[in-house]
Amino acid sequence: MNPAEDAKGTDAERPRKLGLCLLCGLPGAGKSTFARVLGHWLRQERGWAVGVLSYDDLLPDEFLDSAGEQPPTSQWKMFRQELLKYLECFLMALINGCQMSAPSNKTEAMWEDFITCLKDQDLIISAALEAQPFYLLAKTAVSRPLVLVLDDNFYYQSMRYEVYQLARKYSLGFCQLFLDCPLETCLQRNGQRPQAVPTEIIRLMGRKIERPNPEKNAWEHNSLIIGSPAHSSEANLEVADLLLTALENPVKYVEDNIEQKETDRIICSANIFHKADQTLRRIVSETMKEAKGKRYIVALDLVNNKKSFR
Ligand SMILES: Nc1ncnc2c1ncn2[C@@H]1O[C@H](COP(=O)(O)OP(=O)(O)OP(=O)(O)O)[C@@H](O)[C@H]1O
């Protein structure tokens, strides 16, 4: 059943409009700065509730403090997926109009940071029952349109697609903002930060980054590319339009999703192991056919020989 339809809460407890907005771009492109300015503007000018989830703040410190050393990709991936689980807990509380509880498997420090992030933005309130902590939704979160801004690099479309899937699962609004900043500007800004990202990493990301491509991926149609400098009232208005469109046109929950199957097929066919597997299967199949052919000839010879013995 559609999880959004399965919601038990009353309409009064549910946010009228709820959406996820992805910020993507190279390190130093100005995403966090833009998210702060935009959040402030949307709260002040539109009266919306905004929750900015900055991955830099939510990432466990030991990952970031390792003197420029990056954790293995699989670890990053697990972290990102864990964060989406936390976000899902919050979404379920919003949709069901109930309290939020911690997931069973969690990284304690990361969960605490997530809770602090929501509390600091007036979205939840801590409570406890018999020493068991739980979290109530703050009035701001349920009484206004709510946009959750996910601030990370999201440089592969597959990373963004995970968030889109969440939006689809709960029939939420979904949109993407790509901060298009020249590589050299990103490098220069990054160089001035106390905890600079290694230059090589930014260059590599610059080569690998996949910009939103609505022509190729229909699910990316609600995307906006913002040039730098991004802080202007025109940019805010343009973004507010995009957000409003997303909130008013939530992603439809589709049980048997053709779009997803197609994306999965593309990912699968691009997978080197899959390709190697296919090649191997073809070679084995051809060899088997050849061997069968030979066996058939040998068998025919035997039959012929038998006949000649008769
Ligand atoms: N439009 C701008 N003009 C000039 N400087 C900017 C602009 N936007 C951001 N900066 C500066 O660039 C630096 C990086 O900005 P910010 O942290 O917002 O980037 P980011 O894209 O979030 O980076 P990361 O992905 O590494 O978190 C900061 O020092 C910030 O003050």
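None of the values given here were measured: they were computed from a predicted structure.

To continue, consider the site of the ligand. Taken together, the neighbourhood of the ligand is formed by 13 residues, with Lys 31, Ser 32, Thr 33, Asp 56 and Arg 193 sitting nearest. Within the contact set of the ligand, an oxygen atom lies 2.9 Å away from a backbone nitrogen or oxygen of Gly 30. The separation between an oxygen atom of the ligand and a polar side-chain atom of Asn 153 is 3.3 Å. Look at the ligand: alone it shows 630 Å² of surface, and the protein chains cover 71% of it. Counting residues per element, the shell around the ligand draws most heavily on helix H1 (residues 31-46), at three residues. Partitioning the shell around the ligand into residue classes produces three nonpolar, six polar and four charged.

Let us look at the sheet that holds strand E5 (residues 146-151). Pairing within the open sheet is parallel, and its five strands lie in the order E2-E5-E1-E6-E7. On the outer flanks of this sheet lie strand E2 (49-54) and strand E7 (223-227), each paired with one strand and no other. Pairwise comparison of adjacent strand axes, ignoring direction, gives a mean angle of 20° for this sheet. Two strands pair when backbone bridges link them, and strand E1 (residues 18-24) and E5 are joined in this way by six bridges, in the parallel orientation.

We note that Phe 154 has phi near 40°; this positive angle belongs to a residue other than glycine. Judged by relative accessible area, which is 1%, Phe 154 ranks as buried. Look at Ser 171: it is not a glycine, yet its phi comes out positive at around 50°.

Below, the discussion takes up the nonpolar core. By size, the foremost hydrophobic cluster in this structure holds 78 residues, and its most contacted members are Phe 90, Leu 91, Met 100, Phe 114 and Leu 177. It is helix H4 (residues 73-96) that provides the largest number of residues to this core, a total of eleven residues. Residues in contact with Phe 114, not counting those within four places in the same chain, are Leu 53, Leu 58, Leu 83, Tyr 86, Leu 87, Phe 90 and Met 100.

This next bit is on the packing of helix H8 (residues 183-191) against helix H9 (residues 199-208). Put simply, H8 and H9 touch, their axes get as near as 11 Å, and they point 155° apart. Considering the angle they form, H8 stands roughly antiparallel to H9. Between H8 and H9 the crossing geometry is right-handed. Of H9, the residues touching H8 (which contributes Leu 183, Glu 184, Leu 187 and Asn 190) are Thr 199, Ile 202 and Arg 203. Its residues assigned to classes, the contact of H8 with H9 shows three nonpolar, two polar and two charged.

Parameters and conventions
- Residues numbered from 1 in each chain as written.
- Predicted model: local features only at pLDDT ≥ 70, side-chain atom pairs only at ≥ 80, totals over all residues.
- Heavy atoms only, no water.
- Near = heavy atom within 4 Å.
- Polar contact = N/O pair within 3.5 Å; in protein donor to acceptor, adjacent residues only side chain to side chain.
- Areas by Shrake-Rupley, 256 points an atom, 1.4 Å probe, with all protein chains shown as cover.
- Helix = DSSP H or I, 4+ residues; strand = E, 2+ residues; numbered from the N terminus.
- Nonpolar A, V, L, I, M, F, W, Y, C, P; charged D, E, K, R; others polar.
- Pairing = 2+ DSSP bridges.
- Axes fitted to C-alpha atoms, helices over the stretch in contact; angles between N-to-C directions.
- Buried < 20%, exposed > 50% of the residue type's maximum accessible area, 1.4 Å probe, protein only.
- Core = buried A, V, L, I, M, F, W, Y, C linked by side-chain atoms within 4.5 Å.
- Contact = heavy atoms within 4.5 Å.
- Parallel < 35°, antiparallel > 145°, perpendicular 65-115°, else oblique.
- Left-handed = near helix turned anticlockwise from the far one by under 90°.

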